[in-house]
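Here is how the chains run, residue by residue.
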Amino acid sequence: MRTAAPIASCSFLVERYDLDATLSCGQAFNWEKQPDGTWTGTVSGRWVRLRSAPGSVAAETAGPVAEWAWLEHYLQARVDLAAVHASFPADEPMRAAVAGCPGLRLLRQEPWECLASFILSSTKQIVQIRRIVRLLCERYGAPAPVPSGEAPGFGFPGPSVLAGLAEADLRACQMGFRARYLRETALAVEADAGLLDRIALLPTPEARAALTAFPGVGPKIADCVLLFAYGRQDAFPLDVWMIRALGDLYFPKRRAPLDRLRRFAATHFGPNAGFAQQYIFHHARRLAGRADSGAAAPTPRTTP
DNA sequence: TACCAGGAGAGCG
DNA sequence: CGCTCTCATGGT
């Protein structure tokens, strides 16, 4: 028997918010674009539909809803984007990345969903990560109440649910060798209920160390969780795309060693370095024709 | 068909 | 340390 509920709606007034780019750029994986251009997904286990409009983002969920702070926080709708842009270095690559997608935002996700999702991300393409996450949610997530007439939605399964599964069940969600990492991390989080909340209170280096202590979590995935869930703007995920992009954009003469790129990333981009990272990441992927939003211009780049 | 994917960990010298 | 190999599976 399906849960049906009245519809509740809200509109967040926000100057520039590129919903398509923000929801498809590889920071969150549980959103699906509908044929009518809206996006559906779940936030903290609640079904949500988002619609972009000039000067606002409109939201619907299953009512009744007393307040919308949870969604405003998730969307980071009150962030002063102009101030963030103003804090970026005034160099040409940064300018081009912002100009290419001026409404790109950072979400503020739940730590567990973000951590688990990025454990699944290692050497996987974004489209594939989305598929794995969708399978996980459909099979093991709690059904979220939806307004009548809407397709069922499922929240991201909590650590206790995933910890209780056999590795084979996880592998059946197409995640391959990451199944053991996800299961063992779920067991660790399940065994210490306050762990992810305590990490939120730690200084970034200690928080990073706590995250890399989980199996399957190295420096890159830890930085993703620090940036996308814990709001640490000083976290700067260095993945294969960013290593290529930073090399091409800032060290075009000869290939800079990884450690050089690390130091550059930590010093060049200012107090909102993680935000800058997302612009450069998205811009590089769009130039390569990998980003969903907008007309992709396939520009095969070769780095000899 | 090859090569690659928002990496991490183990095993080596 | 720093390097290489392996891991599972689908996209391009």
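Residues numbered from 1 in each chain as written. Chains lettered and ligands numbered in written order. Predicted model: local features only at pLDDT ≥ 70, side-chain atom pairs only at ≥ 80, totals over all residues. Heavy atoms only, no water.

Asker: Sorry if this is basic, but what is going on with the overall build of chain A here?
Answerer: Assigned secondary structure in chain A consists of 15 helices and nine strands. For chain A, whose C-alpha radius of gyration is 19 Å, the value lies close to the compact-globule estimate of 19 Å for 304 residues. Classification of the 304 residues of chain A by burial places 50% in the buried group. For chain A, the proportion of contacts with a sequence separation of at least 24, taken over those separated by at least 6, is 65%. Accessible area for chain A stands at about 14,200 Å²; split by element, carbon and sulfur atoms hold 55% of it. Of the side chains in chain A, 34 bear a positive and 28 a negative charge, and the two mean positions are spaced by 7 Å. (Helix = DSSP H or I, 4+ residues; strand = E, 2+ residues; numbered from the N terminus. Rg over C-alpha atoms; globule rule 2.2 N^0.38 Å. Buried < 20%, exposed > 50% of the residue type's maximum accessible area, 1.4 Å probe, protein only. Contact = heavy atoms within 4.5 Å. Areas by Shrake-Rupley, 256 points an atom, 1.4 Å probe, with all protein chains shown as cover. Lys, Arg positive; Asp, Glu negative; His and termini not counted. Charge placed at Lys NZ, Arg CZ, Asp CG, Glu CD.)

Asker: Looking at this structure, I do not really get the pattern of salt bridges. What am I missing?
Answerer: As a working rule, side chains carrying opposite charge can pair if their charged atoms are close by. The tally for this structure, following the rule as stated, stands at eleven salt bridges. We note a salt bridge from Asp 192 to Arg 198, for which the minimum N-O separation is 2.8 Å. Assessed through its relative accessible area of 41%, Arg 198 is described here as partly exposed. Through salt bridges with shared partners, one network takes in Asp 36, Arg 49, Glu 60 and Glu 150. (Salt bridge = Lys/Arg side-chain N within 4 Å of Asp/Glu carboxyl O.)

Asker: Even after reading the chapter, I still don't get the protein's contact with DNA strand B, so can you show me in this structure?
Answerer: Taken together, 28 residues lie near DNA strand B, and Lys 124, Gln 125, Ile 126, Gln 277 and Gln 278 sit nearest. Within 4 Å of the protein, the atoms of DNA strand B are drawn from sugar and phosphate moieties in a proportion of 65%. Between Lys 124 and DNA strand B, the recorded distance is 2.9 Å, taken from a backbone N or O atom to a sugar or linking oxygen. A distance of 2.8 Å is found between a phosphate oxygen of DNA strand B and a backbone nitrogen or oxygen belonging to Ile 221. Looking at the surface near DNA strand B, the elements with two or more residues in it are helix 12 (219-228), helix 13 (240-250) and helix 15 (273-287). Classifying every residue of the surface near DNA strand B gives 14 nonpolar, nine polar and five charged. (Near = heavy atom within 4 Å. Polar contact = N/O pair within 3.5 Å; in protein donor to acceptor, adjacent residues only side chain to side chain. Nonpolar A, V, L, I, M, F, W, Y, C, P; charged D, E, K, R; others polar.)

Asker: Any chance you could explain the nonpolar core here in plain terms?
Answerer: Proteins that are soluble and globular tend to have nonpolar side chains buried together. Counting 74 residues, the largest nonpolar core has Trp 112, Leu 182, Leu 211 and Phe 269 as the members making the most contacts within it. Excluding anything up to four places from it in sequence, Trp 112 contacts Phe 156, Pro 157, Gly 158, Pro 159, Leu 162, Leu 182, Thr 185, Ala 186, Val 189 and Leu 196. By size, the runner-up hydrophobic cluster in this structure holds 22 residues, among which are Tyr 17, Leu 19, Leu 71 and Ala 77. (Core = buried A, V, L, I, M, F, W, Y, C linked by side-chain atoms within 4.5 Å.)

Asker: Explain the pairing of strand 4 (residues 39-43) here, please?
Answerer: As a general feature of sheets, a regular strand has side chains that alternate between the two faces. When you tally the buried positions in strand 4, you get five out of five residues, the bulk of the element. Where burial is concerned, the two faces of strand 4 agree: the one with Trp 39, Gly 41 and Val 43 and the one with Thr 40 and Thr 42 are both buried. Of the strand pairs in this sheet, strand 3 (residues 32-33) and strand 4 are connected by two bridges, and their pairing is antiparallel. For Lys 33, the partnering residue across the bridge sits in strand 4 and is Trp 39. Where strand 3 folds back on strand 4, the antiparallel hairpin that results is connected by five residues, among which Gly 37 adopts a positive phi of roughly 90°. Bridge count between strand 4 and strand 5 (residues 46-53): five bridges; the pairing is antiparallel. By the bridge assignment, Gly 41 is partnered in strand 5 with Val 48. (Pairing = 2+ DSSP bridges.)

Asker: Can you walk me through the packing of helix 5 (residues 111-119) against helix 12 in this structure?
Answerer: For any two helices packed against each other, one specifies the inter-axial angle together with the distance between the axes. Close contact between helix 5 and helix 12 brings their axes to 9 Å; oriented N to C, the two are set at 150°. By the angle class used here, helix 5 and helix 12 are roughly antiparallel. Both helix 5 and helix 12 take part in a crossing whose hand is right-handed. Touching Cys 114, Leu 115, Phe 118 and Ile 119 of helix 5 are Lys 220, Ile 221, Cys 224, Val 225 and Phe 228, all from helix 12. Looking at the contact of helix 5 with helix 12, its residues break down into eight nonpolar, no polar and one charged. (Axes fitted to C-alpha atoms, helices over the stretch in contact; angles between N-to-C directions. Parallel < 35°, antiparallel > 145°, perpendicular 65-115°, else oblique. Left-handed = near helix turned anticlockwise from the far one by under 90°.)

Asker: So what exactly am I meant to see when it comes to the layout of surface pockets here?
Answerer: With a probe scaled to a water molecule rolled over the atoms, the places where space remains empty come into view. Taken as a whole, the largest pocket holds about 540 Å³ of empty space. As for the largest pocket, its lining consists of 25 residues, and the residues nearest its centre are Ser 121, Lys 124, Asp 239, Val 240 and Trp 241. Elements with a minimum of two residues in the lining of the largest pocket: helix 6 (126-140), helix 12, helix 13 and helix 15. Class assignment for the residues of the lining of the largest pocket results in 13 nonpolar, seven polar and five charged. Empty space within the second largest pocket amounts to approximately 390 Å³. (1 Å grid on protein atoms, 1.4 Å probe; cavity = no way out; pocket = protein on both sides within 12 Å on 5 of 7 lines; lining within 4 Å. Points joined across faces, edges and corners; volume = space filled by probe spheres on them.)

Asker: Mind showing me how you'd approach the protein's contact with DNA strand C here?
Answerer: Taken together, Lys 124, Gln 125, Gln 128, Arg 131, Arg 171, Gln 174, Gly 176, Phe 177 and Arg 178 form the complete shell of residues around DNA strand C. One nitrogen or oxygen atom from the side chain of Gln 125 is found 2.5 Å from a sugar or linking oxygen belonging to DNA strand C. A distance of 3.1 Å separates a sugar or linking oxygen of DNA strand C from a polar atom in the backbone of Phe 177.

Asker: What's the story with the environment of Ala 188 in this structure? I'm lost.
Answerer: For Ala 188, the location among the structural elements is in helix 9 (residues 178-191). Residue classification places Ala 188 among the partly exposed positions, given a relative accessible area of 30%. Linking Ala 188 and Pro 159, residues 29 residues apart in sequence, is a C-alpha distance of 8.7 Å. Look past the residues within four positions of Ala 188 in its chain and what remains in contact with it is Leu 195 and Phe 214.

Asker: Sorry if this is basic, but what is going on with the sheet that holds strand 5 here?
Answerer: An order of 2-6-5-4-3 is seen for the five strands of this open sheet, with the pairing classed as antiparallel. Only two strands of the sheet have a single neighbouring strand rather than two, namely strand 2 (7-13) and strand 3.

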